[in-house]
Amino acid sequence: VILLFPLILLFTPSLSLSLPTSKSSVFVPSTPIPGMKPGTSGLRKKTKQWMSENYLSNFIQSLLDTANESSNPPHEILVAGDGRYYNAVAIQQIIKICVGNKIPNVLVPRTGIMSTPAVSSLIRSRDDCGGGIVLTASHNPGGVDEDFGIKYNEGRGQPADESFTDEVYERTKVIQGFWKEEGEDIDLNAEAGTKTVLGSTTVTIIDPFKTYISTLRTSFDFPLLSSFISDPRVSILFDGMHGAGGPFASKILGDILGVEGLMRCESKEDFGGIHPDPNLSYASDLVERMGLLPDGTANPDFTSEFTLGAANDGDGDRNMICGKGIFVTPSDSLAIIADRCECIPQFKGGLKGVARSMPSSGAVDVVAERKGVECFVTPTGWKFFGNLMDSKEAFGKKSYSPFLCGEESFGTGSDHIREKDGLWAVLSWISILADANKGNEEGSLVQVKDIVEEHWKKYGRHFYCRYDYEGCDSGAADTLMDGLRGLVGGGGKAAADVGGGGEIVFESVEEFEYTDPVDGSFSGKQGMVLNFKMKSTGDKARAVFRLSGTGSSGATVRLYLEQYDGKNFQGSAPEKLKLLGEEAIRISKLQELTGREQPTVIT
Ligand code: G6P
Ligand code: ZN
């Protein structure tokens, strides 16, 4: 074996190995830095804060200590980011801390950039990979004056749960220093397969695309999709918003499937100066080119040339779907995919479970009920879907696979990975369109609009929209939530009597809490739900208040409005929901408490 080893190295062409270059690890003393509590999806702060002395190192050491002392200490860790400003510098620093902590194997994608779904799929594909350090602030803007973030995904590819992130936070409060090994930077542009040995760590450059592409190939019928895309009547417009999903879209939608309408698909450190969040406000170019007005209704003066329009966010896990003159709300998108999922090979064996976050509309619930499929309502945050997906493998319980889930915050996905997946959602919609047009060789195409309207006819429409009040005073936001909490039980009726409601009758207030059916863990304070009923039809409506867990400063109050209509499907959602919004604002005293006359964004 000893004699053969150098020979193997000589004759393995794609693999180069540099010999140990680094000195031994040193312990760098440090002191705790306040405020490192991870939110819904990792720790997000201003980039400059991350760049300040020891900030990144303190957090990474606390994270590695937590991982190393878990029941499953990682022998191999993936380090990858969404390409925003500071990505490459942070990756080099994290590698040095991993080496200092003697993690045996570190994987880094060529260029350092990988979309979040690709990260999840890579971790899942490797038995030894215990987790991933993911450098992303998702859809928050990037740049030296904007946001940077880090989250940790565990061995099944899922975002770390609250007990893990709480533990990281506790460690940041008592940290005394971090282990680091100084050495040369890794060449992030080296060929995939290049290995560098630093101390007792081997750092390997990997291909960012390969595993993810093969995962998607098992979910979808690629030849069918490309033949649909090559139909001259079909044209697709995809907006990568200069995020990490862009290069993946170029490869998969562009090179493999033949989509020509690719915009903003090169990844940029500042996302080209935009807010990389795919919604009606921030993806306004795409919205306009799809023949839509900013409120999501059709522009009467402009007909789009595109059959399908879609956008992804900064790290490629969110998606927005539009058709010619129609915007599909994420909650409707989930319901429609659930209804038609048999046209996607992944669901050929029949769907076993669906889930949505509580603030998402109940559109999917209705489909699940009709299909006889189990439906779960979870708190906001993709991590809550993970246990349901792993119910069998990790917990030995009933299996909900194949499983479909989504959130109103432009997240859709399934159990092919453990993150939401922007491109997966786009491929699902191309599959639905291809199926709806099967055998339709020459007539006019069945459009997204036809599919959505047919869905509403079958199930009724859940009118839906969200008001965001960004940058509120945290104290005022807490007072607002506490005030609503005070209305639970008897106080609810009193609030109803004050305003009188008219057509909208206020019924009750409740606080959403969740006990995980798989592992029994409890999550409290997940949002205040105000229930209403429409006087003339008896249809239900609700308003949900929740504080965002992903901001980097101040508080964002989210108000989610939903009204079911079983008969009348036409019209704009913001218009239809205006009265309900007014009632919710009145009852919550939002204006008095936050001083806000108008939401910052309506999506
Ligand atoms: C991230 C998570 C989502 C979650 C969203 C909520 O995007 O990945 O799962 O829905 O944050 O954000 P919020 O700002 O409403 O807490
Ligand atoms: Zn994201």
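Residues numbered from 1 in each chain as written. Chains lettered and ligands numbered in written order. Predicted model: local features only at pLDDT ≥ 70, side-chain atom pairs only at ≥ 80, totals over all residues. Heavy atoms only, no water.

1. Overview of the site of ligand 1
Working step 1: In the vicinity of ligand 1 lie 14 residues, with Glu407, Lys420, Ser548, Thr550 and Arg558 positioned nearest.
Working step 2: A distance of 2.9 Å separates an oxygen atom of ligand 1 from a polar atom in the side chain of Ser409.
Working step 3: One nitrogen or oxygen atom from the side chain of Arg546 is found 2.7 Å from an oxygen atom belonging to ligand 1.
Working step 4: In isolation ligand 1 exposes 390 Å². Once the protein is present, 98% of that is buried.
Working step 5: Taken together, domain 2 (213-459) and domain 3 (461-602) each give at least three residues to the shell around ligand 1, which thus spans both. (Near = heavy atom within 4 Å. Polar contact = N/O pair within 3.5 Å; in protein donor to acceptor, adjacent residues only side chain to side chain. Areas by Shrake-Rupley, 256 points an atom, 1.4 Å probe, with all protein chains shown as cover. Domains from an automatic or database assignment.)

2. A word on the coordination of the zinc ion (ligand 2)
Working step 1: Those protein atoms acting as donors to the zinc ion (ligand 2) are Ser138 (OG), Asp313 (OD), Asp315 (OD) and Asp317 (OD), and they sit at 2.0 to 2.1 Å.
Working step 2: Coordination at the zinc ion (ligand 2) is irregular: its four donor atoms span angles of 88 to 163° at the metal.
Working step 3: Spacing between the donor residues of the zinc ion (ligand 2) along their common chain follows S-x174-D-x1-D-x1-D. Of this pair, Ser138 sits in the loop between β6 (129-135) and β7 (147-154) while Asp313 sits in the loop between β13 (308-312) and β14 (319-323); the two residues are 175 residues apart in sequence, bridging distant segments of the chain.
Working step 4: What makes Ser138 buried here is its relative accessible area of 4%.
Working step 5: Assessed through its relative accessible area of 0%, Asp313 is described here as buried. (Donors = N, O, S within 2.8 Å, 3.2 Å for Na, K, Ca; no water. Tetrahedral: all angles 85-135°; square planar, octahedral: opposite > 155°, others 65-115°. Helix = DSSP H or I, 4+ residues; strand = E, 2+ residues; numbered from the N terminus. Buried < 20%, exposed > 50% of the residue type's maximum accessible area, 1.4 Å probe, protein only.)

3. Topic: the layout of surface pockets
Working step 1: Quantified by volume, the largest pocket comes out at close to 1,100 Å³.
Working step 2: Every residue lining the largest pocket is counted, 36 residues in all, and those nearest its centre are Gly39, Thr40, Leu547, Ser548 and Gly549.
Working step 3: Going through the elements one at a time, β3 (43-46), α6 (162-172), α13 (383-389), α16 (474-485), β25 (540-547) and β26 (555-565) are the ones with two or more residues in the lining of the largest pocket.
Working step 4: Element by element, the count of residues in the lining of the largest pocket is highest for α16, at six residues.
Working step 5: Residue composition of the lining of the largest pocket, grouped by class: seven nonpolar, 18 polar and 11 charged.
Working step 6: Its volume calculated, the second largest pocket comes out at about 860 Å³.
Working step 7: Forming the walls of the second largest pocket are 35 residues, and the residues nearest its centre are Glu154, Arg156, Gln158, Asp161 and Phe164.
Working step 8: With five residues, the top contributor of residues to the lining of the second largest pocket is α6.
Working step 9: When its residues are assigned to classes, the lining of the second largest pocket shows 10 nonpolar, 13 polar and 12 charged. (1 Å grid on protein atoms, 1.4 Å probe; cavity = no way out; pocket = protein on both sides within 12 Å on 5 of 7 lines; lining within 4 Å. Points joined across faces, edges and corners; volume = space filled by probe spheres on them. Nonpolar A, V, L, I, M, F, W, Y, C, P; charged D, E, K, R; others polar.)

4. A closer look at unusual backbone geometry
Working step 1: Looking along the chain, the bond that leaves Ser401 and enters Pro402 is cis, with omega of -5°.
Working step 2: Mapped onto the fold, Pro402 is located in the loop between α13 and β18 (403-407).
Working step 3: A positive phi angle is found at Phe410, which is not glycine, with a value near 65°.
Working step 4: Note that Phe410 resides in the loop between β18 and β19 (411-414).
Working step 5: Even without being a glycine, Lys589 presents a positive backbone phi close to 60°.
Working step 6: As for its placement among the helices and strands, Lys589 is situated in the loop between α19 (578-588) and α20 (590-594).
Working step 7: For Lys589, a relative accessible area of 47% puts it in the partly exposed group.

5. Some remarks on the sheet that holds strand β17 (residues 374-378)
Working step 1: Spatially, β17-β16-β18-β19 is the arrangement adopted by the four strands of the open sheet, whose pairing is mixed. Each edge of the open sheet carries a strand with a single partner, namely β17 and β19. In this sheet, neighbouring strand axes are inclined to one another by 15° on average, regardless of whether the strands run parallel or antiparallel.
Working step 2: Direction of pairing for strand β16 (residues 353-357) relative to β18: parallel, over a ladder of four bridges. Considered in β18, the bridge of Gly353 is made with Phe403.
Working step 3: Against the sheet, helix α11 (residues 330-340) touches β16, β18 and β19, its axis set at about 170° to β18. (Pairing = 2+ DSSP bridges. Axes fitted to C-alpha atoms, helices over the stretch in contact; angles between N-to-C directions. Contact = heavy atoms within 4.5 Å.)

6. Looking at the domain arrangement of the protein
When the parts of a complex come together, some accessible area is lost, and that lost area is often taken as the interface size.
Working step 1: Domain assignment breaks the protein into domain 1 (14-207), domain 2 (213-459) and domain 3 (461-602).
Working step 2: Averaged C-alpha coordinates put domain 2 and domain 3 at centres separated by 26 Å.
Working step 3: Every contact between the two is made by 30 residues of domain 2 and, on the other side, 27 residues of domain 3.
Working step 4: Interface area for domain 2 against domain 3, summed over the two sides, is near 2,400 Å², with a carbon-plus-sulfur share of 60%.
Working step 5: Here domain 2 and domain 3 share one salt bridge between them.
Working step 6: Its salt-bridge partner being Glu408, residue Arg466 comes within 2.9 Å of it at the nearest N-O pair. (Buried area = accessible area lost by both parts, 1.4 Å probe. Salt bridge = Lys/Arg side-chain N within 4 Å of Asp/Glu carboxyl O.)

7. Re the nonpolar core
Working step 1: Counting residues in hydrophobic clusters, the biggest one holds 68 residues, and the most contacted among them are Leu78, Leu253, Leu427, Trp429 and Ile430.
Working step 2: Here this core gets nine residues from one element, more than from any other, and that element is helix α14 (residues 422-436).
Working step 3: Residues from two domains meet in this core; each of domain 1 (14-207) and domain 2 (213-459) gives at least three.
Working step 4: Sequence-distant contacts of Trp429, that is, excluding residues within four places in its chain, are made with Leu308, Ile321, Val328, Ser333, Ile336, Ile337, Val448, Ile451 and Val452.
Working step 5: In terms of nonpolar packing, the next biggest core, distinct from the first, is built from 37 residues, Ala160, Ile186, Leu188 and Leu198 among them. (Core = buried A, V, L, I, M, F, W, Y, C linked by side-chain atoms within 4.5 Å.)

8. Brief notes about the sheet that holds strand β11 (residues 236-239)
Working step 1: Taken together, five strands build an open sheet; the order of strands is β12-β11-β13-β14-β15 and the sheet is mixed. Strands at the two margins of the open sheet, each flanked by one partner only, are β12 (261-263) and β15 (326-328). In this sheet, neighbouring strand axes are inclined to one another by 20° on average, regardless of whether the strands run parallel or antiparallel.

9. Observations concerning helix α4 (residues 87-100)
Working step 1: With 14 residues, α4 ought to run about 20 Å at 1.5 Å a step, and its terminal C-alpha atoms sit 20 Å apart, in line with that.
Working step 2: Judged by how many residues are buried, α4 sits mostly within the fold: 11 of 14 residues are covered.
Working step 3: Three or more residues of α4 are buried, namely Asn87, Ala90, Ile91, Gln92, Ile94, Ile95, Lys96, Ile97, Cys98, Val99 and Gly100.
Working step 4: Downstream of α4 by one or two residues, Lys102 has phi in the positive range, about 60°. (Expected span 1.5 Å × (residues − 1).)

10. Let's talk about the environment of Phe228
Working step 1: By secondary structure assignment, the location of Phe228 is in helix α8 (residues 222-229).
Working step 2: According to the relative accessible area criterion, Phe228 is buried, its value standing at 8%.
Working step 3: Taking C-alpha positions, Phe228 is 9.1 Å from Lys438, a pair spaced 210 residues apart along the chain.
Working step 4: If we ignore the near neighbours within four places in the chain, the residues touching Phe228 are Val234, Ile430, Leu433, Ala434 and Asn437.

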